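Residue-level structural notes
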Amino acid sequence: MLPALLMERLLRLFDLLAGAGGSASSIVRLLLYLVPHYLGLAFPAALFLAVYVVVARLSQDHELDGLQAAGFSLTRLSRPFLAVGLGCGLLALGLYGYVQPLSRYAYRAAFHALTNAGWNATLVPGEFLQIGHRLTVRADRRDPADGTLHGIFLQQRDEDGREVLTTAVTGRLLLSDDETELLLELDEGQQITLLPDGQASTLRFAGSDLSRPFTRRLPIFRLRGTDEREMTIAELWAGRQSPDPPRDRTRLDGELHGRLVRSASMLVLPLLAMPLGLAAKRSRRSVGILLGAVILMLYQQALQLIESLGDIGRIDPRLGLWAALLLLTGFAIAVFRHSDRHPEEGAFDGVIAWLDRAAATIAGWLPWHRGPAV
């Protein structure tokens, strides 16, 4: 799942940055910053699927039947899975609480720098290159030996409405060592300055000692913490306790408790995956995986809806988020106890059997599942 999500974002980044001149290494760096975000999405599904596959395999091989016949209850057999869920919950707390906020800010800062100054000081002869919002550069040709540009045209637009047009016979265009300044050196050129009131002035220069380097500094990205999603758990807690919080307390509460609830959910997922794994013995395994995916998706969407309603002040996100976790926990415990007391009839047997019949019916309608025409 994680490689598929990263590949989808990679294609989107190539599409967005196609005109920015960003290098492949810059795009790879952006993808690395996105790994914690997508890992947070794939982590619960990976835990659920791992427990489900293990239990389904033990159930299909009748090993669970043998253990239960020997006096091992399903509750006792669930202890290792619950221990794994507890460990995953602690890892998720570190991931959601600290790694994701820092990587999210790093991604936004790198994306800002790449889209505002992703140019690598190269020009395609005969084409106009837009650098930023106020600079356009064109060169007729480029000497491949030393990189000297010939037939240069430069257009600069200032915030006060002034426009500067510069032409030169030759020149050199490069970035500074720290890639924060664009240096333009021109020889044998002419510069025309057009003022907003219509006045114009002309400057001619013949030698490199009269050429003026054009400097473009990169805009500084904002400091971290203006968005609650970029704050760690400790910063969220300190911010909501502050008399002058950096964000609305409701938004801070929603973000803080949302991360805590998602981390605590990892402990509940094994209780839900084990009954589904037991039901897989009497049906196809893919149907149980589909049902589990639907449950996880609905739970995730419910958490996002509660956080959104809390952001606009409709509900208290703390109560809504923890209520959703309690509902999931109660549902998981109920189906787990039913499977423990009635191993011959799982809690999901009816639903999975219905899904299995529905899938078989739909597959029969498909042309490639029908027999050859007579």
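It should be emphasised that the depicted structure is a prediction, and the values quoted were computed from it without experimental measurement.

**A few points about the overall build of the protein**
The secondary structure content of the protein amounts to 10 helices and 6 strands. Put simply, 61% of the contacts in the protein that link residues at least 6 apart link residues at least 24 apart. As displayed, the protein offers around 20900 Å² of accessible surface, 61% of which is attributable to carbon and sulfur atoms.

**Some remarks on the environment of alanine 168**
Positionally, alanine 168 belongs in strand β4 (residues 163–175). Sequence spacing of alanine 168 and leucine 186 is 18 residues, and the spatial spacing of their C-alpha atoms is 6.0 Å.

**Points about the environment of glutamine 156**
Secondary-structure assignment places glutamine 156 in strand β3 (residues 149–157). Expressed as a C-alpha distance, the spacing of glutamine 156 and valine 137, which sit 19 residues apart in the sequence, is 8.9 Å.

**Structural notes on the pattern of salt bridges**
Side-chain pairs of opposite charge can arise where the charged atoms are in close proximity. In this structure the tally under the stated criterion is 13 salt bridges. Glutamate 255 is the partner of arginine 259 in a salt bridge, and the nearest nitrogen-oxygen pair spans 3.0 Å. Placement of both arginine 259 and glutamate 255 in helix α7 (residues 249–279) is noted, with a separation of 4 residues, approximately one turn of the helix. Overall, arginine 259 belongs to the buried group, its relative accessible area being 5%. Among the salt bridges present, the one from arginine 318 reaches aspartate 316, with a minimum N-O distance of 3.1 Å. A cluster of three or more residues bridged by salt bridges with shared partners is formed by Arg108, Arg222, Asp227 and Glu230.

**With respect to the UniProt feature "transmembrane region" (unreviewed entry) in the protein**
Taken from the UniProt record, the annotation "transmembrane region" (unreviewed entry) applies to residues 12–32, 38–59, 80–99, 287–306 and 318–336. Annotated as 100% helix and 0% strand, the span residues 287–306 places its first and last C-alpha atoms 29 Å apart. The distance from the first to the last C-alpha atom of residues 318–336 is 27 Å, and the span holds 100% helix and 0% strand.

**Digging into helix α9 (residues 317–341)**
Taking 1.5 Å per residue, 25 residues should reach 36 Å; α9 reaches 36 Å between its end C-alpha atoms and fits that length. Along α9, the positions that sit buried rather than exposed are Pro317, Gly320, Leu321, Ala324, Leu325, Leu328, Ala332, Val335, Phe336 and Ser339.

**Observations concerning the nonpolar core**
Grouped together as the largest cluster of nonpolar side chains are 37 residues, with contacts concentrated most on Val51, Val55, Met266, Leu272, Met274 and Tyr299. Among the elements of the structure, α2 (24–60), α4 (74–77), α5 (79–117), α7, α8 (285–311) and α9 are those that each provide at least two residues to this core. Considering each element in turn, this core owes the most residues, 10 residues, to α7. Residues contacting valine 55, with those up to four places away along its chain left out, are Leu64, Phe81, Met274, Gly277 and Leu278. Judged by nonpolar contacts, the second largest core, of 11 residues, contains Leu135, Val137, Leu154 and Leu186.

**A few points about the packing of α7 against α9**
Direction vectors running N to C along α7 and α9 enclose 10 degrees, while the axes themselves pass 9 Å from each other. With respect to α9, the axis of α7 lies roughly parallel. Looking at side-chain class alone, the contact of α7 with α9 contains 19 nonpolar, 7 polar and 2 charged residues.

Reading the values: the criteria
Residues numbered from 1 in each chain as written. Predicted model: local features only at pLDDT ≥ 70, side-chain atom pairs only at ≥ 80, totals over all residues. Heavy atoms only, no water. Helix = DSSP H or I, 4+ residues; strand = E, 2+ residues; numbered from the N terminus. Contact = heavy atoms within 4.5 Å. Areas by Shrake-Rupley, 256 points an atom, 1.4 Å probe, with all protein chains shown as cover. Salt bridge = Lys/Arg side-chain N within 4 Å of Asp/Glu carboxyl O. Buried < 20%, exposed > 50% of the residue type's maximum accessible area, 1.4 Å probe, protein only. UniProt positions renumbered as here; feature names shortened; annotations may be inferred. Expected span 1.5 Å × (residues − 1). Core = buried A, V, L, I, M, F, W, Y, C linked by side-chain atoms within 4.5 Å. Axes fitted to C-alpha atoms, helices over the stretch in contact; angles between N-to-C directions. Parallel < 35°, antiparallel > 145°, perpendicular 65-115°, else oblique. Nonpolar A, V, L, I, M, F, W, Y, C, P; charged D, E, K, R; others polar.

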